[in-house]
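Examining the three-dimensional arrangement
Residue strings, one per chain:
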Amino acid sequence: NAGVTQTPKFRILKIGQSMTLQCTQDMNHNYMYWYRQDPGMGLKLIYYSVGAGITDKGEVPNGYNVSRSTTEDFPLRLELAAPSQTSVYFCASSYSTGKNTEAFFGQGTRLTVV
Amino acid sequence: AQSVAQPEDQVNVAEGNPLTVKCTYSVSGNPYLFWYVQYPNRGLQFLLKYITGDNLVKGSYGFEAEFNKSQTSFHLKKPSALVSDSALYFCAVSPDSGGYNKLIFGAGTRLAVHP
């Protein structure tokens, strides 16, 4: 039972480069999320999706894009990497539309932009 | 603004002693409350949640949390700490308003349990 899988685990980018963080889940969850975790801060929501073909902005969407072509996959795209995007990125999913349901998290991607 | 506060950056406890990790929140309406734990180089894992009913909620690994509506708090507790409980703990709140399952996280509290 894989749950939520993120790749890569670590990445170093140069300023201005682009990359895609991959996220896939095998629990057939409709809801998926991307968070970033900065030192000493709580997780901040970047984007979320309520189902295939539907995405929306969270709290800190600038500099990122997402797509949701299938229920399983929710990739996060950085087009022009900036040092401010150095962070740990977590993908998560939840099985219900209810706000009382817990989220399942991937292991994270540690991204450094130099 | 809606927010979650974890007033302690770090909590130090001797093994076998009780532990408390504090959380207070400021959201409108009746929120749903969660605790997550993060072990080194791992994603967050769900510990427990408060939805409604009994103010004392029991969760995984012997943890429990007490909801106090008047104090807008949701403190995490364990009667007897283990060294393996050492990790980063996050309190999160899901407001009952809004069109999606939104979680507002606290900054996290690092728990260090010493032998």
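Above: the structure in question.
Here's what I pulled together on the structure shown here. Treat the numbers as computed from the prediction; the structure is a model and nothing was measured.

A few words now on the interface of chain A and chain B. On the side of chain B, 25 residues touch chain A, which itself brings 21 residues to the contact. At the boundary of chain A with chain B, total buried surface from both sides reaches about 1,900 Å², with 56% on carbon and sulfur atoms. At the boundary of chain A with chain B, the tally comes to 1 salt bridge. Among the salt bridges present, the one from Glu102 of chain A reaches Lys49 of chain B, with a minimum N-O distance of 2.9 Å. At the boundary of chain A with chain B, the tally comes to 3 residue pairs in polar contact (both at pLDDT 80 or more). Those elements giving two or more residues to the side of chain A that touches chain B turn out to be β4 (31–37), β5 (43–51) and β9 (87–94) of chain A. A per-element tally of the side of chain A that touches chain B places β4 of chain A first, with 4 residues. Its residues placed into classes, the side of chain A that touches chain B shows 10 nonpolar, 9 polar and 2 charged.

In this section: the pattern of salt bridges. Under the counting rule described, the total for this entry stands at 7 salt bridges over all chains. Residue Arg36 of chain A pairs with Asp38 of chain A through a salt bridge whose shortest N-O separation is 3.0 Å. For the salt bridge of Lys77 of chain B with Glu66 of chain B, the shortest nitrogen-to-oxygen distance reads 3.1 Å. You can see Lys77 of chain B sitting in strand β9 (residues 73–78) and its partner Glu66 of chain B sitting in strand β8 (residues 64–68), a full 11 residues away along the chain.

Now for the side chain of Thr109 of chain A. Residue and element names in this part refer to chain A. Tracing the backbone shows Thr109 in strand β11 (residues 109–113). Classification of Thr109 by relative accessible area gives buried; the value is 0%. A distance of 3.5 Å separates the side chain of Thr109 from the side chain of Gln6, its partner in a polar contact. A distance of 2.6 Å separates the side chain of Thr109 from the backbone oxygen of Pro8, its partner in a polar contact. Once residues within four sequence positions are removed from consideration, Thr109 is found in contact with Gln6, Thr7, Pro8, Lys9, Leu21, Ser87, Val88 and Tyr89.

Here we take up the nonpolar core. All names here are of chain B. If you look at the biggest cluster of nonpolar residues, it comprises 29 residues, and the most contacted ones within it are Trp35, Leu47, Leu48, Phe74, Leu76 and Tyr89. Elements with a minimum of two residues in this core: β2 (10–14), β3 (19–21), β5 (32–38), β6 (44–50), β8, β9, β10 (87–94) and β12 (109–114). Per element, the largest residue contribution to this core is 4 residues, and it comes from β10.

Rules of the game
Here the residue numbers are simple positions, counted from 1 along each chain's written sequence. To label them, take the chains in the order written and letter them from A, then take the ligands in the order written and number them from 1. Owing to the predicted nature of the model, reporting of local features is limited to residues with pLDDT of at least 70; listing and counting of side-chain atom pairs is limited to 80 or more, with chain, interface and lining totals taken over all residues. Processing note: side-chain calculations cover all non-hydrogen atoms of the structure and skip hydrogens and water entirely. Note on definitions: a residue-residue contact is assigned when non-hydrogen atoms from the two residues lie within 4.5 Å. Buried area adds together the accessible area that both of two parts lose upon being put together, with accessible area traced by a 1.4 Å probe. Between Lys or Arg on one side and Asp or Glu on the other, a salt bridge is scored when a side-chain nitrogen of the former is within 4 Å of a carboxyl oxygen of the latter. Contacts described as polar in this section are N or O atom pairs within 3.5 Å, which, within protein, must combine one atom able to donate a hydrogen with one able to accept it, while residues neighboring in sequence count only if both atoms come from side chains. Secondary structure elements follow DSSP: runs of H or I no shorter than four residues count as helices, runs of E no shorter than two count as strands, and numbering proceeds from the N terminus. Just so you know the grouping, Ala, Val, Leu, Ile, Met, Phe, Trp, Tyr, Cys and Pro go in nonpolar, Asp, Glu, Lys and Arg go in charged, and all remaining residues, Gly too, go in polar. The rule is simple: take the accessible area with a 1.4 Å probe, protein chains only, and divide by the maximum for that residue type; under 20% is buried, over 50% is exposed, in between is partly exposed. Among buried residues, the Ala, Val, Leu, Ile, Met, Phe, Trp, Tyr and Cys ones that are joined through side-chain atoms within 4.5 Å form a nonpolar core.

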